[in-house]
Each structure stands twice: as structure tokens, then as C-alpha cells.
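# Topology and contacts: notes
One letter stands for each residue in the lines below.
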Amino acid sequence: MKKIIQELNPYVPEKPLQQLQDELGLKKIVRLSANENPYGTSPKVKRAILDWDYDLSNRYPDSSAQELRDLVAEKFTLDPSQIVFGVGLDEVIVMLSRVFLQPGDEELVSVPNFSEYALHAEIEEAVIKEVATKKNGQINFTALLENITDKTKLIWLCNPNNPTGTLETVASIEKFVQQVPKETMVLVDEAYIDFVTEQEPATAMDLTKKYPNIVVMRTFSKAYGLANFRVGYAVFSNQIAGEVQKVRLPYNVSSIAQTAAIAAFKDQNFVDQVVAKNALERTKYEDFFQKLDLKFYHSQANFVFFETAAAHELAQVLLENGYLIRTGLRPNWLRLSIGTPKDNLKIQKIMADFFDSVLN
Ligand SMILES: *Cc1c(COP(=O)(O)O)cnc(C)c1O
């Protein structure tokens, strides 16, 4: 076995909810630790799945995901061949690491961020260099530039960033790309871009038409509410997409997943409603944190990241009350996916009571 695999700390996936409920003896747990969509998915997805032709079960899916590809290309005015689909954005991260990293190469990441970037770089035996975000949670572009060497192959930017929730402007990303060597790829993970309400346009997608070394990634798992179907994609300049296609497993995205994604993508009205509800609830959380005098970052995503010295105890109390949130991303910080208005209100009540009892 490869030595690196023996030493690897694997990604720890969420436990099935039923299992967790049984372990804790709780009737119901609301998972707010994985940034899933609390409003489900478009009802049109259900219709499309029920209408799906079961007789196709023994046939391989369309390798090119042509219908979905054309829809995405049309919406963002791309050449359809710029897009590579993956089994979730997760698989896109694997493909990028596989294509661009050789043992000893360097990958730059802004931390804290999504742990899978480093995980797959490790598997390729690359060296991971971390650059801390600024005090306000924003990406420190200057420090990233200072850390580029002739071995730097990949630079990951997550925008809005998981877990800080903070947003970078397209202009700042473009300015950054202009200063990065042409041989270094700048990877922009836009898993949460649909939730942005402060900037128009927020996506860096157009930059793929101008700079061969930028990649923009999306997923159907968050705003579209399709986490179970595993569909994500990356948009490349034309020069690079064909090379990445070479490592993609030929039938990676199943027909039923393609069908679900097509139906979800066509129902932008559902996404708009989710985004509007999320934005309103996000503001309420910010007001709440301010009132409690807790430090938090200004989020444009569907989660909030905040600091408390009692992080561990608070997460425990929330769990006992049926709310699972994300710990362990940074000491004393918690990441909380924004839930439904009803759940958010309950959580704020639990938190207010918790801090009352801690302080008194
Ligand atoms: C959730 C998430 C992903 C993974 O998305 P999938 O399409 O479900 O694999 C990728 N990047 C970030 C930053 C995420 O938070």
C-alpha cells in the first residue's frame, strides 16, 4: 500500500441521522452541520424522478450529460465544452488534484476552508501551504501571492468561503489572477455563490473566458437542494477542459441524477425563494449575535460562523435539544447552517438561555 494512504486522516462524513438519533436517544435531530437545504428541493424534481424511464436502468447514462450541459452553458453563455461534470463537486476536487499535482508540487490554500482540498493534495503527495484569512475572515490575497513559488500548481479560493461565509468581489479575484503565474491554476469553489445577495454578478464564471488558468466550480447540493444526487461541475477555459475530461470516469453521473439536476436547474423560481428566505434569516442571526455580543463573520452563504469560549458546551446543549451543528473547524468557533425560520427561532432561544445561565 502507498505510504501516504496509511498515514492519511480521512474525511469524516456525517452519520446517518437515524443512527445518531438512536445513539442519543432523541426522537428528532435537525442537521445543521452540513449546509444542506432546509427547504428540500424543487417539487419539479420529484415529478421528474417519478417520470424517469425505469427501463433505462440497465443502460449506461449519457457520458456527456448533454442536456444538462447545454442548459448550464446557455445560462452562463459558455461554450458547452468548457464544462466538466462530477459526482458532486467533491469528485471535481479529486479530478483537479489528479490532473495538476505531482509528488512534491505545492498547493496553496487559504485557511480555514473546505478540508477536501488538502485531503486530495495529500493523496497526490503534494505539499500543502496554508495562508490564514484576514481578521474579518476574508481571503488574504497579498499573503497568497507572497507564498507562490515555482512549484505552486494550485491555489484554492472558496467564494463565499466555507466556513467563514465571507465573500470576495469578482474584481478582487480578477486582480489576483492577473498577478498569478500563468502555470498556476486558480480554483474558485462557488458551492455557495447562489446565496449571495449583496453583489451582482457575484460569480467569477466570466473570467474563464479571459484567463486560461482559472477554474470555477458549482454544485447542485446546496441552493438546489440535491445533495443526495451528487452533481457538481467545473467550468474551465477551453484549453484545459479537454485535458481534465481524460481523467473523468466515463459514466460518473447517473441518468437519474442528470434528470434531477435538469429539473432543479429549470426551476430557478425555487432557488430564488430559497435564497430570499435564507438571506432574511441570515440577517436575523447577525442581529442576534450582535445582541449577544458574539464575534461572527459577515456571511453571504447559507451558514454563519461565530466565536464563543463555550463552543463545545453550546454545541452539546444544542444537540441535546435536537440541533446538530459543526464543531472542530477552528478552536472556539462554531459553524451553523441557517435552518427554517421556526428552527432558527428555537435555536436562538436555546442560545440566549444558554448564555444567560453561563453568565449568571
Ligand atoms: C458542500 C461543499 C462542496 C461539495 O459539494 P458536493 O457537490 O456535494 O460534493 C464543495 N465545496 C464546498 C466549499 C462545500 O461546502
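The shown structure was predicted, so the numbers you read here are calculated from the model rather than taken from an experiment.

Another point: the environment of Glu307. Looking at the secondary structure, you find Glu307 in strand 10 (residues 303-307). Sequence separation of Glu307 and Thr152 is 155 residues, and the distance between their C-alpha atoms is 33 Å. With residues up to four places along the chain from it excluded, the contact list for Glu307 reads Leu294, Lys295, Asn332 and Trp333.

Moving on, we come to the UniProt feature "domain: Aminotransferase class I/classII large" (unreviewed entry) in the chain. UniProt tags residues 28-345 as "domain: Aminotransferase class I/classII large" (unreviewed entry). For residues 28-345, the end-to-end C-alpha separation is 17 Å, with 36% helix and 18% strand making up the annotated structure.

This paragraph deals with the site of the ligand. Close to the ligand lie 14 residues, the nearest being Leu89, Tyr192, Thr219, Ser221 and Lys222. Between an oxygen atom of the ligand and a side-chain N or O atom of Ser221, the distance comes to 2.6 Å. Here Arg230 contributes a side-chain N or O atom positioned 2.7 Å from an oxygen atom of the ligand. Compared with its free state, where it exposes 380 Å², the ligand has 93% of that area covered by protein. Applying the majority rule of atoms within 2 Å of the grid points places the ligand in the largest pocket. Grouping the constituent residues of the shell around the ligand by class yields 6 nonpolar, 4 polar and 4 charged.

Here the focus is the environment of Asp22. With respect to the secondary-structure elements, Asp22 resides in helix 2 (residues 17-24). The sequence separation of Asp22 and Asp353 amounts to 331 residues, and the corresponding C-alpha distance is 26 Å.

Turning to the side chain of Asn161, a few remarks are in order. Looking at the element boundaries, Asn161 is found in the loop between strand 5 (152-158) and helix 8 (170-179). Owing to a relative accessible area of 2%, Asn161 belongs among the buried residues under this scheme. A polar contact is formed between the side chain of Asn161 and the backbone oxygen of Pro112, at a distance of 3.1 Å. Separated by 3.0 Å, the side chains of Asn161 and Thr164 make a polar contact. Among residues more than four places away in sequence, those in contact with Asn161 are Pro112, Asn113, Thr133, Thr166 and Phe303.

What counts, and at which threshold
Residues numbered from 1 in each chain as written. Predicted model: local features only at pLDDT ≥ 70, side-chain atom pairs only at ≥ 80, totals over all residues. Heavy atoms only, no water. Helix = DSSP H or I, 4+ residues; strand = E, 2+ residues; numbered from the N terminus. Contact = heavy atoms within 4.5 Å. UniProt positions renumbered as here; feature names shortened; annotations may be inferred. Near = heavy atom within 4 Å. Polar contact = N/O pair within 3.5 Å; in protein donor to acceptor, adjacent residues only side chain to side chain. Areas by Shrake-Rupley, 256 points an atom, 1.4 Å probe, with all protein chains shown as cover. 1 Å grid on protein atoms, 1.4 Å probe; cavity = no way out; pocket = protein on both sides within 12 Å on 5 of 7 lines; lining within 4 Å. Sits in = over half its atoms within 2 Å of the grid points. Nonpolar A, V, L, I, M, F, W, Y, C, P; charged D, E, K, R; others polar. Buried < 20%, exposed > 50% of the residue type's maximum accessible area, 1.4 Å probe, protein only.

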